[in-house]
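# A structural walkthrough
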Amino acid sequence: PLQGGEGGDGPCHNVDIDPKRDLYGGLLFQSGRFQRVGGYRRLMATECVAEITSEGTTDWFGRYLPNKLVLGDPAILDAAIHAIQACIPHEIILPVGIDQLLSGARSTSGPWYVAAKERSRNGDTFIYDVEVTGSNGAMYKRLTGLQLRVIEKGMSCAPWVPPLLGPYIERRVRELIPQSEVHVAVGLSADADRTLRSDRTIQQALGKTVPVVRRPDGKPEVPVMNGGLSVSAAHAGPLTLAVSGVGPIGCDLEPVVARPIEIWKDLLGQERFHLMEVIAKETGEDYDTAATRVWAASECLKKAGAMANMPLVFLSSTADGWVQLAGGAQMITTYMTSTRGTEKTLAMGVLYGLA
């Protein structure tokens, strides 16, 4: 029953992505009859559930050849594989091998539903297990040990489609802090209730619907039975960022606002103003951008329960716009980004506490 929502019937696109508008012609290069990804029910860095439409021609061969497809519609299988690309939006991947391909019922009818989950990663090779089912729930194809290799790195999707930004942030944070096991989700909603938006995005980051409670200071928490996970959420206009992980966790979103230097000195304090100057020199950013990074990092420390005056130090910067900072055992990654649906450049920060 991948085709419906909770307790509902029929297709349910829970992820706010229109593949033809947001993916094909950009992140996805497929065209014509191969443009068969119709939407996503779930989209995370390491797994997805997508709908494969029944649109497209059935004329695969010359007019004098039979049209019977012994192994099924090739566009369905192709779409099931390239649907995974949205989990890795900053690197172009192509299939290079497979351990096993099983065929199920040939009579399954569309739309079809693909559930893909990452089993492991070895350098530039991702290993996924994939199952495709028909609208009746019968297994159509099962791909075990699908090997996907990176052929192009450093892709930029800015301004980002918000649901793609979550997987991107999660993967880059894990690459920059190899010990981290964070999960990230980004949502765009005009809903005025921030608590509702936070809960919904936190649940997306967790990959499951669990109750979210709040301490007297407003910090969100999930029940202890969920493996001791910590969660954090932040808002910037209609955009919501949520992260989850074991141990100290914090996140923040801050729009870049031009302020006089004296105002930044008062807001940041002497030590963090000096840190802003270091970041500006290392990255070539203007003071407002670099200062907003530091402000976002400071907010991450607060949300993780760190001391307000904890020293922050610059660690490194990357060619694709990431800056790493540290406050004691707290590692903070920051990134400047923009999304469709928001006008301002945003400073994003994610904190992960090392044991």
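The rules we used
Residues numbered from 1 in each chain as written. Predicted model: local features only at pLDDT ≥ 70, side-chain atom pairs only at ≥ 80, totals over all residues. Heavy atoms only, no water. Helix = DSSP H or I, 4+ residues; strand = E, 2+ residues; numbered from the N terminus. Buried < 20%, exposed > 50% of the residue type's maximum accessible area, 1.4 Å probe, protein only. Contact = heavy atoms within 4.5 Å. Areas by Shrake-Rupley, 256 points an atom, 1.4 Å probe, with all protein chains shown as cover. Lys, Arg positive; Asp, Glu negative; His and termini not counted. Charge placed at Lys NZ, Arg CZ, Asp CG, Glu CD. Phe/Tyr/Trp six-rings, centres within 6.5 Å; stacked < 30°, edge-to-face > 60°. Lys NZ or Arg CZ within 6 Å of the ring centre and 35° of its normal. 1 Å grid on protein atoms, 1.4 Å probe; cavity = no way out; pocket = protein on both sides within 12 Å on 5 of 7 lines; lining within 4 Å. Points joined across faces, edges and corners; volume = space filled by probe spheres on them. Axes fitted to C-alpha atoms, helices over the stretch in contact; angles between N-to-C directions. Parallel < 35°, antiparallel > 145°, perpendicular 65-115°, else oblique. Nonpolar A, V, L, I, M, F, W, Y, C, P; charged D, E, K, R; others polar. pLDDT = per-residue confidence, 0-100. Expected span 1.5 Å × (residues − 1). Polar contact = N/O pair within 3.5 Å; in protein donor to acceptor, adjacent residues only side chain to side chain. Core = buried A, V, L, I, M, F, W, Y, C linked by side-chain atoms within 4.5 Å. Salt bridge = Lys/Arg side-chain N within 4 Å of Asp/Glu carboxyl O. Pairing = 2+ DSSP bridges.

Along the protein chain, the regular secondary structure elements total six helices and 17 strands. Taken along the three principal axes of its C-alpha coordinates, the protein chain extends 80 × 40 × 35 Å. Taken across its 355 residues, the protein chain has 49% of its residues classed as buried. Contacts spanning at least 24 positions in sequence make up 60% of the contacts within the protein chain whose residues lie at least 6 apart. Of the roughly 16600 Å² that the protein chain leaves accessible, carbon and sulfur atoms contribute 53%. Counting 35 positive and 39 negative side-chain charges, the protein chain places the centres of these two groups 4 Å from one another.

We now examine the packing of aromatic side chains. Under the counting rule described, the total for this entry stands at six aromatic pairs. A centroid spacing of 4.6 Å and a plane angle of 25° characterise the contact between W160 and Y168, whose relative ring orientation is stacked. Accessibility classification places W160 together with Y168 in one group, the buried group. Clustering of aromatic rings is evident, with ring pairs tying together W160, Y168, W322 and Y335. In this structure, K141 packs its charged tip against the face of Y140, placed 5.3 Å from the ring centre. Against the face of W264 rests R259, its NZ or CZ located 4.9 Å from the ring centre.

Quantified by volume, the largest pocket comes out at close to 900 Å³. Along the wall of the largest pocket there are 34 residues; nearest its centre are N14, V15, R41, R42 and Q204. For the lining of the largest pocket, the secondary-structure elements that each account for two or more residues are α1 (19-22), β1 (37-43), α3 (162-176), β8 (183-188) and α4 (194-206).

All right, on to the packing of helix α5 (residues 261-283) against helix α6 (residues 287-303) then. Between α5 and α6, the least distance of the axes is 9 Å, while the angle of their chain directions is 100°. Relative to α6, the element α5 is oriented roughly perpendicular. When α5 is examined against α6, the residues I261, W264, L267, L268, R272, L275, M276, E277, I279 and A280 are found in contact with a partner set consisting of Y287, D288, A290, A291, T292, R293, V294, W295, S298 and L301. Class assignment for the residues of the contact of α5 with α6 results in 14 nonpolar, two polar and four charged.

Reading predicted coordinates in detail is not appropriate for stretches of low pLDDT. When the pLDDT values of the protein chain are averaged, the result is 89; 93% of them are 70 or greater. With pLDDT under 50 throughout, residues 1-12 is counted as low confidence; its partners more than four residues away or in other chains account for 21 contacts.

The next point concerns α6. For α6, spanning 17 residues, the distance from its first C-alpha to its last is 24 Å, which sits close to the expected 24 Å at 1.5 Å a residue. Most of α6 sits inside the fold, with 13 of its 17 residues counted as buried. One side-chain oxygen of the residue at the start of α6 lies 3.0 Å from the amide nitrogen of D288, identifying that residue as D286. Looking one or two residues past α6, G305 carries a phi angle of roughly 85°, positive in sign.

Formed by 64 residues in total, the largest nonpolar core has its most connected members in Y40, L43, Y128, V130, L164 and I169. In terms of residues, this core owes the most to one element, α3, which gives six residues. Those residues in contact with L164, other than ones at most four positions away along the chain, are I17, L23, L27, L43, A86 and P89. With 20 residues, the next largest nonpolar core counts L268, L275, M276 and A290 among its residues.

To continue, consider the pattern of salt bridges. Enumeration over the complete set of coordinates arrives at 20 salt bridges. The partner of R215 in a salt bridge is E221, with the nearest N and O atoms 3.8 Å apart. Since its relative accessible area comes to 34%, R215 is described here as partly exposed. E221 gets classed as partly exposed once you look at its relative accessible area, which sits at 33%. A single network of salt bridges, built from pairs that share partners, joins E91, R121, R172, E175 and D320.

This part covers the sheet that holds strand β11 (residues 229-236). A sheet is described by the order of its strands in space; here three strands give the open sequence β8-β12-β11, paired in antiparallel fashion. Edge strands, defined here as strands with exactly one partner in the open sheet, are β8 and β11. Between one strand axis and the next, the sheet turns by 15° as a mean value, whatever way the strands run. In the sheet, β8 pairs with strand β12 (residues 239-246) via six bridges, with the strands oriented antiparallel. Each bridged residue has a counterpart across the sheet, and for L188 the counterpart in β12 is L239.

What follows covers the pairing of β12. Among the eight residues in β12, seven count as buried, and that is most of the element. Note: β11 against β12, eight bridges, orientation antiparallel. Within the sheet, the bridge partner assigned to H235 lies in β12 and is T240. Joining the antiparallel neighbours β11 and β12 is a turn of two residues, in which G237 adopts a positive phi near 60°.

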